[in-house]
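Secondary and tertiary structure notes
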Protein chains: 2
Amino acid sequence: MKAFSSYQNPALAIDLVVFGYHEKTLSVLLLNRKEAPFKDQWTLPGAFLQMEESFLQTCSRILQTKLGMDNVYLEQLYSFDDPARDPRGRVISVTYYALVNPSKFQIVAGQMANDAQWFNVQETPALGFDHQDIFDKALQRLKAKILYFPVGFQLLDELFTMPELHELYECILGISIDRRNFRRKILDAEYIINTGAKREGSQNRHPDLYKFNKQLKQNNFQLNIS
Amino acid sequence: MKAFSSYQNPALAIDLVVFGYHEKTLSVLLLNRKEAPFKDQWTLPGAFLQMEESFLQTCSRILQTKLGMDNVYLEQLYSFDDPARDPRGRVISVTYYALVNPSKFQIVAGQMANDAQWFNVQETPALGFDHQDIFDKALQRLKAKILYFPVGFQLLDELFTMPELHELYECILGISIDRRNFRRKILDAEYIINTGAKREGSQNRHPDLYKFNKQLKQNNFQLNIS
DNA sequence: GCAAAAGTGTTCGGAGTACACCCATGC
DNA sequence: GCATGGGTGTACTCCGAACACTTTTGC
């Protein structure tokens, strides 16, 4: 075997698809690049992996440094390898998607914050690199995942109402779901606990406030929504 | 931005989990290493990515050079990043799993073929590196995938019988499935076409021979086996 | 009391499950 | 004709889909 360091290796980048849910809208966080290539175009936040870093450490570095976020849900998405995907040279991109509650963070606080902006996933601008492919795959994954994993709790406040959870599912899946059937399925799965408190302030009946049931194992869950 | 080549990059390997189905057994193809590290231990076939290669090109190179295989079903599995996963240094592994029909290939024909061997997935030896993790994830993925995607056709001959397909599903999922209900679900999904021919030679009634319906879109498929 | 939204219950149909029965083949 | 395994059909059950009613709140 050859000496290990004699191989030439491609650069390795981590790119993130950061999803946020706010005011009945699913959004993705994009950065406006200040340098070439793709100067002044929108791209996903990312960074090059450093030699001693794990993927998740790089993710955290991106989230903290560029976006001022921490402690968010992360899941590896896919690795992209098109030799032409970066005009600067060979760059492999290992991608993750993140689910955050935008109300918890002020993205204007980060170092490149002037350039960070939430976009409705339905109205994204043209993206540099192959980031449109990455974003498409992330959205597809999220839509599939939500049917068998309680991802909603990463996007909502700690306490939330049944109608709020219901709207989140309708928004992400892009379909309308009967609220009564949805309610029964969610309650039967025992994924949420009624706290007894109610959300006040609305003009109508005050809905119950629920919290996520952290005790429950997160397997064996299937929503089965047509 | 720094000069692009000034970054130090980890090595990038591709590792493959090659599944084969033969004689009612799901097997995985392993290589016995001749060099350190993990000399004389079993590992997944793999290679380092070359600068101009795509992931799939590296996969094909591994399959052809080391195993004498070509034209197999491949799907990206996951990327592994533990900084300590390779004692030689920092190596990222992008993994794929492959589905092959062992009867189509003679693995003794490859360059390292003396060291290649099929193992029943239930009886795998200790694996070097973090390859046990990779294998576990591949098997888990395969079990999930078979429920909503017709992967079986990659593992069987072009013509196959309903009992053969049935046994494949029972074998991969590790459960028993009512053969009559299985039959109806598969036929209702219109994934296979009865060729009219029958498999001869058995002592009992000669089962019909089916082929895969390549016309059919491979989405919207759900097997729903409990 | 009225409108709007939230909580609760009921009916219906289809798909999954658990079965039993018949057919073809080699001995 | 007999054993073995393959092809076909049927009743039951449960869950998802569709839908109506009651309750709470602010005005």
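Residue numbers here run from 1 along each chain, matching the order of that chain's written sequence. The lettering of chains begins at A and the numbering of ligands begins at 1, in the order of writing. Thresholds applied to this predicted model are a pLDDT of at least 70 for local features of residues and 80 or more for the giving and counting of side-chain atom pairs; totals over whole chains, interfaces and linings are not thresholded and use all residues. Computation of side-chain values: all heavy atoms of the structure, hydrogens and water removed.

**Some thoughts on the sheet that holds strand E10 (residues 208-212) of chain B**
Residues and elements named next belong to chain B. Applied cut-off: Two strands make a pair as long as DSSP finds a minimum of two bridges between them. Each helix corresponds to a stretch of at least 4 residues labelled H or I by DSSP, and each strand to a stretch of at least 2 residues labelled E; elements are numbered beginning at the N terminus.
On the basis of which strands lie adjacent, the open sheet formed by three strands has the order E8-E10-E9 and antiparallel pairing. Sheet topology places strand E8 (160-161) and strand E9 (192-198) at the edges, where each strand pairs with a single neighbour. Pairing analysis gives four bridges linking E9 to E10, with the strands arranged antiparallel. Opposite Ile192, over in E10, you have Phe212 as the bridge partner.

**Considering the sheet that holds strand E8 (residues 160-161) of chain A**
Residues and elements named next belong to chain A. Pairing is antiparallel across the open sheet formed by three strands, whose spatial order is E8-E10-E9. A strand with exactly one partner marks an edge of an open sheet, and here the two such strands are E8 and strand E9 (192-198). Across two bridges, E8 lies against strand E10 (residues 208-212) in antiparallel orientation. The partner of Thr161 across the bridge, within E10, is Leu209.

**Here's the deal with the interface of chain B and chain A**
You'll often see interface size given as the accessible area lost when the parts meet. Just so we agree on the cut-off: We call two residues contacting when some pair of their heavy atoms lies within 4.5 Å. A quick way to say it: buried area is the sum, across both parts, of accessible area lost when two parts are put together, with a 1.4 Å probe. By salt bridge we mean one thing: a side-chain nitrogen of Lys or Arg within 4 Å of a carboxyl oxygen of Asp or Glu. In the analysis that follows, any N or O atom pair within 3.5 Å is treated as a polar contact, provided that within protein one partner can donate a hydrogen and the other can accept it, and provided that, for residues neighboring in sequence, both atoms belong to side chains. Under this grouping Gly is polar, as are all residues other than the nonpolar Ala, Val, Leu, Ile, Met, Phe, Trp, Tyr, Cys and Pro and the charged Asp, Glu, Lys and Arg.
Across the boundary between the two partners, chain B contributes 30 residues, which contact 30 residues of chain A. Where chain B abuts chain A, roughly 2800 Å² becomes buried across the two surfaces, and 64% of that area is made up of carbon and sulfur atoms. For the pair chain B and chain A, the interface holds zero salt bridges. Viewed at the interface, chain A and chain B are joined by seven residue pairs in polar contact (both at pLDDT 80 or more). When contributions to the side of chain B that touches chain A are tallied by element, the ones reaching two or more residues are strand E1 (11-22), helix H1 (55-67), strand E5 (73-80) and strand E6 (91-100) of chain B. Taken together, the residues of the side of chain B that touches chain A break down into 18 nonpolar, seven polar and five charged.

**Describing the environment of Lys145 of chain A**
Residues and elements named next belong to chain A. Inclusion rule: For the exposure calls, accessible area comes from a 1.4 Å probe over protein chains only, and a residue counts as buried if that area is under 20% of its type's maximum, exposed if over 50%, partly exposed in between.
In this structure, Lys145 sits in helix H2 (residues 131-145). Taking relative accessible area as the criterion, Lys145 reaches 11% and is therefore assigned buried. The spatial distance from the C-alpha of Lys145 to the C-alpha of Gln222 is 9.9 Å, given a sequence separation of 77 residues. A distance of 3.0 Å separates the side chain of Lys145 from the side chain of Glu75, its partner in a polar contact.

**With respect to H2 of chain A**
Threshold: What a helix is expected to span follows from its residue count: subtract one and scale by 1.5 Å.
In a regular helix each residue adds 1.5 Å, so 15 residues correspond to 21 Å; H2 of chain A covers 21 Å between its end C-alpha atoms and thus fits that length. Packing partners of the buried residues in H2 of chain A comprise strand E1 (11-22), strand E2 (25-32), strand E3 (42-43), strand E5 (73-80), strand E6 (91-100) and helix H4 (162-173) of chain A.

**Observations concerning the protein's contact with DNA strand D**
Note the following rule: Any residue with at least one heavy atom within 4 Å of a molecule or strand is counted as near it.
In the vicinity of DNA strand D lie 22 residues, with Arg180, Lys185 and Gln203 of chain A together with Arg179 and Arg180 of chain B positioned nearest. Here the atoms of DNA strand D within 4 Å of the protein split so that 53% fall in sugar or phosphate, with bases taking the remainder. A distance of 2.7 Å is found between a base nitrogen of DNA strand D and a side-chain nitrogen or oxygen belonging to Arg180 of chain A. One of the side-chain nitrogen or oxygen atoms of Arg205 of chain A is found 2.8 Å away from a base oxygen of DNA strand D. For the surface near DNA strand D, the secondary structure elements donating two or more residues are helix H5 (179-188) of chain A together with helix H4 (162-173) and helix H5 (179-188) of chain B.

**Structural notes on unusual backbone geometry**
For the peptide bond that leads from Ala36 of chain A to Pro37 of chain A, omega is -5°, which places it in the cis range. Looking at the element boundaries, Pro37 of chain A is found in the loop between E2 and E3. Positive phi outside glycine occurs at Glu190 of chain A, with the angle close to 55°. Topologically, Glu190 of chain A is positioned in the loop between H5 and E9. Located in the positive-phi region is Glu23 of chain B, a residue other than glycine, with phi close to 50°. Structurally, Glu23 of chain B can be placed in the loop between E1 and strand E2 (25-32).

**Side note on the domain arrangement of chain A**
Residue and element names in this part refer to chain A. The cut-off we apply is this: Either an automatic procedure or a domain database provided the assignment from which the domain bounds are taken.
You can read the domains of chain A as domain 1 (4-145) and domain 2 (152-212). Between the C-alpha centres of domain 1 and domain 2 there is a distance of 29 Å. Listed by partner, the interface residues are 13 residues for domain 1 and 10 residues for domain 2. Carbon and sulfur atoms supply 63% of the area that domain 1 and domain 2 bury against each other, a total of about 1100 Å² over both sides. When the area that domain 1 buries against domain 2 is broken down by residue, the three leading residues are Tyr21, Asn101 and Lys143, summing to 49%. Glu167 is the partner of Lys24 in a salt bridge, and the nearest nitrogen-oxygen pair spans 3.2 Å. Between domain 1 and domain 2 we count four residue pairs in polar contact (both at pLDDT 80 or more) in total. At the level of secondary structure, the elements contributing two or more residues to the side of domain 1 that touches domain 2 comprise E1, E2, E6 and H2. Residues of the side of domain 1 that touches domain 2, tallied by class, amount to seven nonpolar, four polar and two charged.

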